[in-house]
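So you can see what is in the structure, the chains are spelled out below.
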Amino acid sequence: MKNKQQVLNMLGLARRAQKLTTGEDRVLATIRGRQTGLVFFASDGGASSRKKFTDKCQSYNVYLCTEFTRAELSYAIGSSRSLLAVMDQGFSTKMKQLLTTS
């Protein structure tokens, strides 16, 4: 539980540092361009979008996290979003480490 809260806190930091991308088209472009190592998709997001991003992340070897709800992600970054891509290698490495040890 503590690690999940740390990840949410880091999402807020990444947002303030302008290291997050939101929106389906922009996130897809960052995945295809290999500019991200971590994508967050809300656990209560749409099924068709979930499948699209699951498949895309698997094919480009990008870590996909679906542990957080839309409300949790939105609260962490301060705006209503259900899809986020972390654009900074340092942030994504630390967040993946926290997610895999929780």
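Everything here concerns the structure above.
It should be emphasised that the depicted structure is a prediction, and the values quoted were computed from it without experimental measurement. (Residues numbered from 1 in each chain as written. Predicted model: local features only at pLDDT ≥ 70, side-chain atom pairs only at ≥ 80, totals over all residues. Heavy atoms only, no water.)

Student: Before we move on, could you go through unusual backbone geometry and cite the residues and values that matter?
Tutor: Phi is positive for Gln18, which is not a glycine, with a value near 60°. Mapped onto the elements of the fold, Gln18 is located in the loop between helix 1 (2-16) and strand 1 (20-22). Looking at Gln18, the relative accessible area reads 71%, which means it is exposed. Within the chain, Arg34 stands out as a residue other than glycine whose phi angle is a positive 55°. Mapped onto the fold, Arg34 is located in the loop between helix 2 (24-32) and strand 2 (38-41). (Helix = DSSP H or I, 4+ residues; strand = E, 2+ residues; numbered from the N terminus. Buried < 20%, exposed > 50% of the residue type's maximum accessible area, 1.4 Å probe, protein only.)

Student: Provide a residue-level description of the environment of Lys52, including the pertinent values.
Tutor: Mapping Lys52 onto the fold places it in helix 3 (residues 47-59). Sequence-wise, Lys52 and Glu24 are 28 residues apart; in three dimensions their C-alpha atoms are separated by 9.9 Å. Beyond its immediate stretch of four places on either side in the chain, Lys52 contacts Glu24 and Leu28. At 2.8 Å, the side chain of Lys52 forms a polar contact with the side chain of Glu24. (Contact = heavy atoms within 4.5 Å. Polar contact = N/O pair within 3.5 Å; in protein donor to acceptor, adjacent residues only side chain to side chain.)

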